[in-house]
There are 2 protein chains.
Amino acid sequence: MKEFLHQQRHYYSPVEFAMAHIGGTWKMPILLALRQGPVRYGILKSSIPHISDKMLITQLRELEEKKMVTRHTYIEKPPRVEYQLTSRAEKAFPVIDLLAEYGCFLAREEGCLQ
Amino acid sequence: MKEFLHQQRHYYSPVEFAMAHIGGTWKMPILLALRQGPVRYGILKSSIPHISDKMLITQLRELEEKKMVTRHTYIEKPPRVEYQLTSRAEKAFPVIDLLAEYGCFLAREEGCLQ
């Protein structure tokens, strides 16, 4: 697999680089929660079970840095903040859907999902 | 996404369960190195750049526990040990290939791969 540098970090493969964008417990659930279009922070928080405010804020910041999500602030009283997927993030869904399928296959094999 | 318990651990989604089997820096490179058939430990080690013996042994043990890899010991002088993919692991390659494709797309967008 091709190795390369990005922002002074050495990646051993494109797979590792992809995981830097969508990996971890929370990035994929956040991307999935934004799949239908822009969502306000409060609704995003309540649509992802078990996530804390601290974790959601940290993960959203990381996703913004990686140009997977954009943040829009509307000057209203109170101000409204919405998050939206970038086109780069939209292209992750075939992978995420296939991962979910594989996870369901494994869970059925292990007898923990019907 | 469906939540479930497996071996007393709570998984928030099938995606998370899939990542427990193929996630992390080294599992996918190891699975890819076994793609063409059984491989002896020494050859496996030399075919995965940057991996240490300690890390390879730990990851192989985890992959065995998750029934992704089997280990065969041949009673010879010296004994020969070979690792092989299970059918469950073979089914991970469509996901891994798509992740690699997505990673290449991202790397090209960032200008770090041609």
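Residues numbered from 1 in each chain as written. Chains lettered and ligands numbered in written order. Predicted model: local features only at pLDDT ≥ 70, side-chain atom pairs only at ≥ 80, totals over all residues. Heavy atoms only, no water.

A. Layout of the pattern of salt bridges. Evaluation of the coordinates by the stated rule reveals 16 salt bridges over all chains. Here Glu110 of chain B and Lys67 of chain A are joined by a salt bridge, their closest N and O atoms 2.9 Å apart. With one member in each of two chains, Glu110 of chain B in the segment after helix 6 (93–109) and Lys67 of chain A in the loop between helix 4 (53–65) and strand 4 (69–74) form a pair that bridges those chains. Residue classification places Lys67 of chain A among the partly exposed positions, given a relative accessible area of 45%. Note that Arg88 of chain A is salt-bridged to Glu109 of chain B, the shortest N-O span being 2.7 Å. (Salt bridge = Lys/Arg side-chain N within 4 Å of Asp/Glu carboxyl O. Helix = DSSP H or I, 4+ residues; strand = E, 2+ residues; numbered from the N terminus. Buried < 20%, exposed > 50% of the residue type's maximum accessible area, 1.4 Å probe, protein only.)

B. Representation of the side chain of His21 of chain A in the model. If you trace the backbone, His21 of chain A turns up in helix 1 (residues 14–22). In this structure His21 of chain A touches Lys27, Leu63, Lys66, Met68 and Arg88 of chain A together with Leu106 of chain B, once residues within four positions along its chain are discounted. (Contact = heavy atoms within 4.5 Å.)

C. Main features of the interface of chain B and chain A. In this assembly, 44 residues from chain B lie in contact with 44 residues from chain A. Among the residues chain B hides against chain A, the three largest losses belong to Arg88, Tyr102 and Glu110 of chain B. Together they make up 17% of the total. For the pair chain B and chain A, the interface holds 6 salt bridges. Connecting chain B to chain A are 12 residue pairs in polar contact (both at pLDDT 80 or more). Of all the secondary structure elements, the ones that give two or more residues to the side of chain B that touches chain A are strand 1 (4–6), helix 1 (14–22), helix 2 (27–33), helix 5 (87–90) and helix 6 of chain B. For the side of chain B that touches chain A, the leading source of residues is helix 6 of chain B, giving 13 residues. (Buried area = accessible area lost by both parts, 1.4 Å probe. Polar contact = N/O pair within 3.5 Å; in protein donor to acceptor, adjacent residues only side chain to side chain.)

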